[in-house]
Amino acid sequence: MEWGDVFIQYLSAYEQKDLERVSDMFADNISLRDWKISVKGKRLAVDETRKNFENADSIEIDVLSTMANENMVCGELKIVVDKSETLFVVDVLTFNENGKITAIHAYLGRDD
């Protein structure tokens, strides 16, 4: 399985605020951590994702670069929320043998 492709599919679903597609990609034991929150388990990860979707009218994601190994993809992203707030983020996704996302760790960067 090409993890880079799954990573792009996840980002596409996220950008479209497609909670069902995102949820389907999560493993039951997923851990989700960023600069604001840290949760474990699919229900809590879906809840946090839902909150992000509800708090944004629009989400645009540009993939600046990616790197992958046997079960992980890292991507440098430019995310524009509501056409006004620009975030530079590194997402690190880990996958299990069934192709489900077991971890999403996001790190906030700077634009300079």
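Residues numbered from 1 in each chain as written. Predicted model: local features only at pLDDT ≥ 70, side-chain atom pairs only at ≥ 80, totals over all residues. Heavy atoms only, no water.

Caption draft 1: Region of interest: the overall build of the protein chain. When its secondary structure is counted, the protein chain shows three helices and six strands. Counting from the amino terminus, the protein chain carries its helices and strands in the arrangement α-α-β-β-α-β-β-β-β. Summarising its shape, the C-alpha atoms of the protein chain cover approximately 40 × 30 × 20 Å along the three principal directions. The proportion of buried residues among the 112 residues of the protein chain is 43%. (Helix = DSSP H or I, 4+ residues; strand = E, 2+ residues; numbered from the N terminus. Buried < 20%, exposed > 50% of the residue type's maximum accessible area, 1.4 Å probe, protein only.)

Caption draft 2: Up close: the side chain of Ser23. Here Ser23 is to be found in helix H2 (residues 19-25). In this structure, Ser23 is in contact with Lys42 and Val46, ignoring residues within four places of it in sequence. (Contact = heavy atoms within 4.5 Å.)

Caption draft 3: Spatial organisation of the packing of aromatic side chains. Under the defined criterion, the tally for this structure stands at four aromatic pairs. With centroids separated by 5.9 Å and ring planes inclined at 50°, the aromatic side chains of Tyr10 and Tyr14 adopt a geometry described as tilted. Of this pair, Tyr10 and Tyr14 both sit in helix H1 (residues 3-15), four residues apart, which is roughly one turn of the helix. An identical accessibility class is assigned to Tyr10 and Tyr14; each is buried. (Phe/Tyr/Trp six-rings, centres within 6.5 Å; stacked < 30°, edge-to-face > 60°.)

Caption draft 4: Structural context of the pattern of salt bridges. Per the counting criterion, the structure on display carries five salt bridges. Linked through salt bridges whose partners overlap, the residues forming this network are Arg43, Asp47 and Arg50. (Salt bridge = Lys/Arg side-chain N within 4 Å of Asp/Glu carboxyl O.)

Caption draft 5: Spotlight on the sheet that holds strand E4 (residues 72-81). The strand order across the open sheet built from six strands is E2-E1-E6-E5-E4-E3, with neighbouring strands paired in mixed fashion. Two strands bound the open sheet, and with one partner strand each, they are strand E2 (38-40) and strand E3 (59-68). Each strand of the sheet is rotated relative to its neighbour by a mean of 20°, with strand direction disregarded. Note: strand E1 (residues 26-33) against strand E6 (residues 101-108), four bridges, orientation parallel. Along E6, the bridge assignment pairs Leu32 with Ile104. Strand contacts of H1: E1, E3, E4, strand E5 (85-95) and E6, with the helix running at about 165° to E3, the strand carrying the most contacts. (Pairing = 2+ DSSP bridges. Axes fitted to C-alpha atoms, helices over the stretch in contact; angles between N-to-C directions.)

Caption draft 6: Up close: the nonpolar core. One finds Tyr10, Phe26, Ile79, Ile101 and Ile104 to be the most contacted residues of the largest nonpolar core, which totals 30 residues. At the level of elements, H1, H2, E1, helix H3 (42-54), E3, E4, E5 and E6 are the ones that each hand at least two residues to this core. Top contributing element to this core by residue count: H1, with seven residues. When neighbours within four sequence positions are excluded, Ile79 is seen to be in contact with Ile59, Glu60, Ile61, Glu85, Thr86, Leu87 and Val89. (Core = buried A, V, L, I, M, F, W, Y, C linked by side-chain atoms within 4.5 Å.)

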